[in-house]
Amino acid sequence: MNRSEGLVRRVKTRDTDSNSGSGGNGGSSSSTNNFDQEGKNDKDEELDDCDSKETRLTLMEEVLLLGLKDKEGYTSFWNDCISSGLRGCILIELGLRGRVELERAGMRRKGLCTRKIILKSDTPTGDVLLDEALKHIKETEPPETIQNWIEYLSGETWNPLKLRYQLKNVRERLAKNLVEKGVLTTEKQNFLLFDMTTHPLNDNVIKCRLVKKIQDAVLTKWVNDPQRIDKRMLALILLAHASDVLENAFAPLNDDDYELAMRRVRELLDLDFEAEAAKSNNNEVIWAVFAAFTK
């Protein structure tokens, strides 16, 4: 599959809901300046504290939130990429949290896509989906590759013995997590022949913050060296692309910013993932997931 596939289209319509003077006074002046500075520091600490208390979302929740229609509360019926994309997010989350890693490349320098994923720590993460996947990885012998695990966790395998590894109702479970965090709400919608549970947006601020964070990463805060890009942000951009929901983050941009953002995403997709993974202090699981989606 072409790594840059799907990056040339431009959606013109905007979804507004998703953006939606004396010596005696000298000492007084100095004291006032000190007071103002202290006040500014207190305000900065307040903002930092606010950021630390900000609703924390997992990669899976962020990708799903990007894919959900704000008012309707469900993902596009035509999106057949998000299922595997969310499984990739799960593997990267486990890698970022130090629960799994790739086996050593060995003397023959095996490629990312042929190396097996192995358990690093079986300490529970506290996230039900992550712990379920971690349990499957722990119990599997011999170990499997990243590509195989994406297929197993998605239930997209021809091996009937591996169907037990499928993570079921992932989108609904993630949506319920977002409901618990106050980001979404729950409604019932009638679709002629059946009723469906939907999860419209409840907190537009959190989604707008997510969209702006992605836009900033490829525009105002862009760095040319992928090693200097925050690994979680890098994963969010490339997994959102793999899940076919990245367009939703860029749709509100003007044409010039849109083209620039897409050009930089293409640069990331065209990276030599093997070479990037070989550099020091790297989480190889991240690069292996990228390679699995772009090979």
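Our structure's up above, just so we're on the same page.
Anyway, here's the lowdown on the structure attached to this text. Numbering of residues starts from 1 in each chain and follows the order in which that chain's sequence is written. Local features are withheld for residues below a pLDDT of 70 in this predicted model, meaning they are given only at 70 or higher, and side-chain atom pairs are given and counted only at 80 or more; totals for whole chains, interfaces and linings count all residues. Hydrogens are left out, water is left out, and the side-chain values use all remaining heavy atoms of the structure.

### A few points about the nonpolar core
Generally speaking, soluble globular proteins have nonpolar side chains that are buried together.
Line of reasoning, step 1. Ranked by internal contacts, the top residues of the largest apolar core, which has 79 residues, are Ile146, Ile237, Phe250 and Phe290.
Line of reasoning, step 2. Note on contacts: a residue pair is in contact if any heavy atoms of the two residues lie within 4.5 Å. Discounting residues that sit within four places of it in the chain, isoleucine 146 has contacts with Leu91, Leu102, Arg115, Ile117, Val285, Ala288, Val289 and Ala292. By nonpolar core is meant a set of buried Ala, Val, Leu, Ile, Met, Phe, Trp, Tyr and Cys residues that side-chain atoms within 4.5 Å join together. Note on exposure labels: buried denotes an accessible area under 20% of the residue type's maximum, exposed denotes more than 50%, and partly exposed covers the range between, all computed with a 1.4 Å probe on protein chains only.

### Brief notes about unusual backbone geometry
For residues that are not glycine, phi is negative in most cases, and the peptide bond is trans in most cases.
Line of reasoning, step 1. The omega torsion of the bond from glutamate 141 to proline 142 falls at 0 degrees, within 30 degrees of zero and hence cis.
Line of reasoning, step 2. Think of it this way: any DSSP run of H or I at least four residues long counts as a helix, any run of E at least two long counts as a strand, and we number them from the N terminus. By the secondary structure assignment, proline 142 is in the loop between helix H4 (128–139) and strand E3 (144–145).
Line of reasoning, step 3. Backbone geometry places asparagine 169, a non-glycine residue, at a positive phi of 55 degrees.
Line of reasoning, step 4. With respect to the helices and strands, asparagine 169 occurs in the loop between helix H5 (146–154) and helix H6 (170–180).
Line of reasoning, step 5. Positive phi, normally seen in glycine, also occurs at aspartate 244, with a value near 60 degrees.

### Considering the pairing of strand E2 (residues 116–119)
Line of reasoning, step 1. Pairing between strands is defined by DSSP: at least two bridges between the two strands are required. Sheet analysis places strand E1 (residues 100–102) next to E2, joined by three bridges and oriented antiparallel. Paired with glutamate 101 across the two strands is isoleucine 118, which belongs to E2.
Line of reasoning, step 2. Relative to E3, E2 runs antiparallel, the two being bridged by two bridges. What sits directly across from lysine 116, in E3, is threonine 145.

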